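# Summary of the model geometry
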Amino acid sequence: MATTNPSLKLTHEGALKALAGAIAKAEELSVAQNITIVDDGGNLLAFVWMDGAKLLSRETSMSKAVTAASHRQPTSRLDPTNEIKLAIAGGGRFTNLEGGLPIVIAGQCVGAVGVGSGTGAQDVEVARAALAAIEAEDQKP
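Below is a short write-up of the structure. By convention here, each chain's residues receive numbers from 1 onward along its written sequence. Reporting in this predicted model follows two pLDDT cut-offs: at least 70 for local features of residues, and 80 or more for side-chain atom pairs to be given and counted; totals over whole chains, interfaces and linings ignore these cut-offs and use all residues. Working from all heavy atoms in the structure, the side-chain values ignore hydrogens and water.

## Details of the pairing of strand 4 (residues 108-116)
Here's how the labels work: a residue is buried when its accessible area is under 20% of the maximum for its type, exposed when over 50%, partly exposed in between, all with a 1.4 Å probe on protein chains only. Secondary structure elements are taken from DSSP: a helix is a run of H or I of four residues or more, a strand is a run of E of two residues or more, and numbering for both begins at the N terminus. Across the nine residues of strand 4, eight count as buried, placing the element largely inside the fold. Relative to strand 4, strand 1 (residues 34-39) runs antiparallel, the two being bridged by six bridges. Paired with Ile37 across the bridge in strand 4 is Val113. In terms of strand pairing, strand 3 (residues 100-105) meets strand 4 through six bridges, oriented antiparallel. Counterpart to Ile103 in the pairing with strand 4 is Gly111. For two strands to count as paired, DSSP must find a minimum of two bridges between them. A loop of two residues connects strand 3 with strand 4, the two strands running antiparallel in sequence, and Ala106 in this loop sits at a positive phi of about 55°.

Below is the structure:
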């Protein structure tokens, strides 16, 4: 019986490449965003607070990334009837707001991206650009 599993890890280089793809999409949309990239354990790998992005969206972008990494699915798929329970159980860190997507490569979740400061649809579009930049599996909410 094996006691370990081989696993993929998102590198800082991969995180920065994903971040660059997201920034490019945000600029294309003319929407200043907060963009957070975390590893599969929710640990911060990269972050940008674009000029003009909303201050508190810094927190929502991190919560979206941590939630997507933890649940291995887009944040918008989380059951809205559990919204308050998620927030309480997760110490205020879990959310079902749109804009959090897991980063899945070769079927394995290696991290997540969280985007906040635009509309939900804009946040998702920018997050999907981060995935495309590193050829991760597309995550449609």
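## Examining the packing of aromatic side chains
The description of two aromatic rings rests on the distance between their centres and on the angle between their planes. Two rings from Phe, Tyr or Trp (for Trp, the six-membered ring) form a pair when their centres sit within 6.5 Å of each other. Planes less than 30 degrees apart are called stacked, planes more than 60 degrees apart edge-to-face, and all others tilted. All chains considered together, the criterion is met by zero aromatic pairs. Positioned above the aromatic ring of Trp49, the side-chain terminus of Arg58 is 5.6 Å from the ring centre. Note on geometry: a ring has a charge over it if NZ (lysine) or CZ (arginine) is within 6 Å of the ring centre and within 35 degrees of the ring normal.

## Quick word on the environment of Ala132
The topology assignment puts Ala132 in helix 4 (residues 120-133). With a relative accessible area of 54%, Ala132 lands in the exposed category.

## Thoughts on the nonpolar core
Membership of the largest hydrophobic core comes to 22 residues, with the highest contact counts inside it found for Leu10, Ile35, Ile37, Ile103 and Val113. Mapped onto this core, the elements with two or more residues apiece are helix 1 (12-29), strand 1, strand 3, strand 4 and helix 4. When checking whether two residues touch, look at their non-hydrogen atoms; a contact exists if any pair is within 4.5 Å. Not counting the four nearest positions on each side in its chain, Ile37 is found in contact with Leu10, Ala15, Ala18, Leu19, Asn43, Leu44, Leu45, Ala46, Ile103, Ala112 and Val113. Buried Ala, Val, Leu, Ile, Met, Phe, Trp, Tyr and Cys residues that are joined via side-chain atoms within 4.5 Å together make up what is termed a nonpolar core.

## As for the packing of helix 1 against helix 4
Helix-helix packing is described using two parameters, namely the angle between the two axes and the distance between the axes. To obtain each axis, a line is fitted to C-alpha atoms, and for helices this fit is confined to the stretch in contact; angles are then taken between N-to-C directions over 0 to 180 degrees. Interhelical geometry of helix 1 versus helix 4 gives an angle of 140° and a closest axis separation of 7 Å. The orientation of helix 1 with respect to helix 4, classified from their angle, is oblique. Here helix 1 and helix 4 pass one another in a crossing that is right-handed. Every residue of helix 4 that contacts helix 1 at Lys17, Ala18, Gly21, Ala22, Lys25, Ala26 and Leu29 is listed here: Gln122, Glu125, Val126, Ala129, Ala130 and Ala133. Any residue that is not Ala, Val, Leu, Ile, Met, Phe, Trp, Tyr, Cys, Pro, Asp, Glu, Lys or Arg is counted as polar, Gly included; the first ten are nonpolar and the last four charged. Considered class by class, the residues forming the contact of helix 1 with helix 4 number eight nonpolar, two polar and three charged. Orientation is classified from the angle alone, with under 35 degrees giving roughly parallel, over 145 giving roughly antiparallel, 65 to 115 giving roughly perpendicular, and any other angle giving oblique. Crossings are classed by handedness, with left-handed meaning an anticlockwise turn of the near helix from the far one by less than a right angle and right-handed meaning a clockwise turn.

Purely geometric numbers; function is a separate question.
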